[in-house]
Amino acid sequence: MLAKRIIPCLDVARGRVVKGRHFRNLLDQGDPVQMAAVYAASGADELVFLDIEATVEGRDTLIDLVTEVARQVFIPLTVGGGVRTTEDIRVLLRAGADKVSVQTAAVADPHLVEAAASLFGSQCVVVAIDAQRRGQGWEVLTHGARIPTGLEAVAWARELSRLGAGELLVTSVDADGTKGGYDLALTAAIADSVRIPVIASGGAGGPADLVAVLTEGRADAALAASIFHSGRWTVTGVKAELEAAGVPVRR
Amino acid sequence: MIGLVDYGGGNLASVSNALDFLGAPWRQVRCAADLLATDAAVFPGVGAAGSAMNRLRSSGLDQGLLEFLRSGRPYLGICLGLQLLFQHSAEDDSPCLGFLEGEVVRLTTAEKLPHVGWNTVAVARPIPILDELDGAYFYFTHSYAVQPSNQRLVGADTDYGGRFVSVIARAPVFGVQFHPERSGRDGLRLLAQFCALAAARMPANAG
């Protein structure tokens, strides 16, 4: 039986893991290579690295980091942040990323998703959607959740699936950073509208939130950052809780 | 020396990183002559069957692979490197190498496709590369799977809304549908067990 995936997310800037994705004041959380190895040993099913500054100068540091992690960690690695072209994707895949996440560039040019899928295969094309509640639906935001796009999130998810995206990484901007639980309605609405895996993100405060989004929220995978970085929960500990709740996980 | 087959379509980094981690000597092979000079081969295919076969044909690696496979040296095909061993793939309606009899078909399941994530293997019989790995989780990402004509080639199968063949074994030729190089500790164990066969240059009559 296919296991639900637990994915620690490491936001990186200038070669360090930081906290504060949508804020200015970045707190240093540690060394990404070391943290990746610890999470992998603790049972993480996959790791996501997001370059939150995505500056041109930071790109080489990111590539070195991916190269180093890929030498030591043998679980799937997804890398994103500032990915604009198929060449950016090629460079990250060559460095050892298994999948590359695109977001803002996919909104600006949906053809990028199609081109990447046909060049490298859908399996390595993850599209991130930052969505914020608007009445009965959700609007897609870009540029680090600062710029509204006018796109409706569920319709956008369907379009991405049609263009060849392999997975969707869906972040609730409302829930992100609150530790009050994932946006289950958003995740379920998207998971029910597409036939590709959905990774839920934003709002994890503890194992009960992961249980909820992997059952009621119908997500295939749950991404979390601060509950792991703070040391409050290990991946092993979260998986034990998931297993006790009847969620299939890899042990 | 293990030859890592590079047909210009796949990404070798994760497999070569895993072999380095295990301390197994390897080198990239891009033509039949280089392949036939190695003791064992790993073929980490990524991408679609049709374009992979075209690239193999244009470099002569298709004939090189067949000769290598018939020579009784250890071979490990990963994902597409497993599928191409068979006669035909429904992906791109492409002819394949035809070393083994059977077809590559789209998975029949009510579940989402591609099948992405960690799933278990049920080992059918003792297979050297799967020693102590019955029930282990491996990382999959695919929409197609092999259907061998000869069921005795099945080394393990996996359930995804219906069972499909996830490992083929005709020792010393093996093929796995999942990605051992991305499957954590158990994936490294499988690769280490293959490397041990490679180091021993196991004869062809063991399966």
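All of these numbers come straight from a predicted model, not from anything done at the bench. (Residues numbered from 1 in each chain as written. Chains lettered and ligands numbered in written order. Predicted model: local features only at pLDDT ≥ 70, side-chain atom pairs only at ≥ 80, totals over all residues. Heavy atoms only, no water.)

Engineer: Help me get a handle on the overall build of chain B, residues and values and all.
Structural biologist: Of regular secondary structure, chain B possesses six helices and 14 strands. Relative to the globule expectation of 17 Å for 207 residues, the C-alpha radius of gyration of chain B, 15 Å, shows essentially globular dimensions. The principal-axis extents of the C-alpha atoms in chain B amount to approximately 45 × 35 × 30 Å. If you take every contact in chain B between residues at least 6 apart in sequence, the share linking residues at least 24 apart comes to 68%. Of the side-chain charges in chain B, 16 are positive and 19 negative, and the distance between the mean point of each set is 2 Å. (Helix = DSSP H or I, 4+ residues; strand = E, 2+ residues; numbered from the N terminus. Rg over C-alpha atoms; globule rule 2.2 N^0.38 Å. Contact = heavy atoms within 4.5 Å. Lys, Arg positive; Asp, Glu negative; His and termini not counted. Charge placed at Lys NZ, Arg CZ, Asp CG, Glu CD.)

Engineer: Mind laying out the state of the cysteines, listing which residues take part and the relevant values?
Structural biologist: Note on terminology: a disulfide is the covalent bond linking the sulfur atoms of two cysteines. All told, the structure shown has zero disulfides over all chains when counted by the stated rule. Left unpaired, Cys-96 of chain B is separated from the closest cysteine sulfur, that of Cys-79 of chain B, by 12 Å. (Disulfide = S-S within 2.5 Å.)

Engineer: Now, about the interface of chain A and chain B: what can you tell me, with residues and values included?
Structural biologist: Opposite the 31 residues of chain A that make contact, chain B presents 27 residues. For the pairing of chain A and chain B, the buried interface totals around 2300 Å² over both sides, and the portion due to carbon and sulfur atoms is 53%. Three residues stand out in chain A for area buried against chain B, namely Leu-2, Phe-74 and Arg-195 of chain A, and they jointly supply 32% of the buried area on that side. Along the contact surface separating chain A from chain B lie two salt bridges. (Buried area = accessible area lost by both parts, 1.4 Å probe. Salt bridge = Lys/Arg side-chain N within 4 Å of Asp/Glu carboxyl O.)

Engineer: Tell me what's going on with the confidence of the model for chain B, and back it up with residues and numbers.
Structural biologist: Here chain B averages 93 in pLDDT, and 96% of its residues register 70 or above. Contacts from residues 202-207 of chain B, a stretch scored under 50 in pLDDT, to residues over four places away or in other chains number 12 contacts. (pLDDT = per-residue confidence, 0-100.)

Engineer: Outline the pattern of salt bridges, listing residues and values.
Structural biologist: Counted by the stated rule, this structure contains 20 salt bridges over all chains. For the salt bridge of Arg-134 of chain A with Glu-139 of chain A, the shortest nitrogen-to-oxygen distance reads 2.6 Å. Judged by relative accessible area, Glu-139 of chain A falls into the buried class, the value being 14%. Between Arg-189 of chain B and Glu-132 of chain B there is a salt bridge whose closest N-O contact spans 3.5 Å. In this pair, Arg-189 of chain B is assigned in helix H6 (residues 184-200) and Glu-132 of chain B in the loop between strand S9 (122-123) and strand S10 (137-142), connecting sequence segments 57 residues apart. Take Glu-132 of chain B: its relative accessible area is 65%, and that puts it in the exposed class. Put simply, Arg-5, Glu-46, Lys-99 and Glu-167 of chain A are held in one network by salt bridges that share partners. (Buried < 20%, exposed > 50% of the residue type's maximum accessible area, 1.4 Å probe, protein only.)

Engineer: Break down the environment of Asp-31 of chain A for me, with residues and values.
Structural biologist: Residue and element names in this part refer to chain A. Along the chain, the position of Asp-31 falls in the loop between strand S3 (27-30) and helix H1 (32-41). Assessed through its relative accessible area of 28%, Asp-31 is described here as partly exposed. With 14 residues separating them in the primary sequence, Asp-31 and Val-17 have C-alpha atoms 6.1 Å apart. Excluding its chain neighbours within four sequence positions, the residues that come into contact with Asp-31 are Arg-16 and Val-17.

Engineer: Any chance you could break down the pairing of strand S2 (residues 16-19) of chain A for me, citing the residues and the numbers?
Structural biologist: Residues and elements named next belong to chain A. Pairing analysis gives two bridges linking strand S1 (residues 5-13) to S2, with the strands arranged antiparallel. Pairing of Ala-13 across the sheet is with Arg-16, part of S2. Counting the residues that bridge the hairpin from S1 to S2 gives two residues, and of these Arg-14 lies at a positive phi of roughly 50°. As defined by bridge partners, S2 adjoins S3 across three bridges and the pair is classed as antiparallel. From the neighbouring strand, Val-18 faces S3, where its bridge partner is Asp-28. (Pairing = 2+ DSSP bridges.)

Engineer: Break down the pairing of S10 of chain B for me, with residues and values.
Structural biologist: Residue and element names in this part refer to chain B. Of all six residues making up S10, six are buried, and the element is well covered by its neighbours. Neither face of S10 is exposed, since Tyr-137, Tyr-139 and Thr-141 on one face and Phe-138, Phe-140 and His-142 on the opposite face are all buried. Across six bridges, strand S8 (residues 115-120) lies against S10 in antiparallel orientation. Following the sheet pairing, Trp-118 is matched in S10 by Tyr-139.

Engineer: Got a sec to walk through the nonpolar core? Specific residues and values, please.
Structural biologist: Ranked by internal contacts, the top residues of the largest apolar core, which has 80 residues, are Leu-47, Phe-49, Leu-168 and Ile-190 of chain A. Of all hydrophobic cores here, the second largest spans 40 residues; its members include Ile-2, Val-42, Leu-76 and Leu-113 of chain B. (Core = buried A, V, L, I, M, F, W, Y, C linked by side-chain atoms within 4.5 Å.)

Engineer: Which residues make up the side chain of Arg-182 of chain B, and what are the values?
Structural biologist: Structurally, the position occupied by Arg-182 of chain B is in the loop between strand S14 (173-176) and H6. Note on Arg-182 of chain B: relative accessible area 2%, which makes it buried. A polar contact of 3.2 Å, which involves the side chain of Arg-182 of chain B, links it to the backbone oxygen of Val-73 of chain A. Looking at Arg-182 of chain B, its side chain comes within polar contact range of the main-chain oxygen of Ile-75 of chain A, at 2.9 Å. In this view, Arg-182 of chain B contacts Ala-70, Val-73, Phe-74, Ile-75, Pro-76, Leu-77, Gly-96 and Asp-98 of chain A together with Ser-14, Trp-118 and Tyr-139 of chain B; residues no more than four positions away in its chain are not counted. (Polar contact = N/O pair within 3.5 Å; in protein donor to acceptor, adjacent residues only side chain to side chain.)

Engineer: An account of the packing of aromatic side chains is requested, with residue identities and associated values reported.
Structural biologist: Residues and elements named next belong to chain B. For the coordinates displayed, the defined rule picks out seven aromatic pairs over all chains. A centroid spacing of 4.1 Å and a plane angle of 15° characterise the contact between Phe-138 and Phe-178, whose relative ring orientation is stacked. Pair noted here: Phe-138 is in strand S10 and Phe-178 is in the loop between S14 and H6, with a separation of 40 residues, a long-range link. Like Phe-138, the residue Phe-178 is buried in the burial classification. (Phe/Tyr/Trp six-rings, centres within 6.5 Å; stacked < 30°, edge-to-face > 60°.)

Engineer: Now, about unusual backbone geometry: what can you tell me, with residues and values included?
Structural biologist: Leu-113 of chain B connects to Pro-114 of chain B through a cis peptide bond whose omega is 0°. Looking at the secondary structure, you find Pro-114 of chain B in the loop between strand S7 (102-106) and S8. The phi dihedral of Arg-218 of chain A is positive, around 55°, even though this residue is not glycine. Taking relative accessible area as the criterion, Arg-218 of chain A reaches 40% and is therefore assigned partly exposed.

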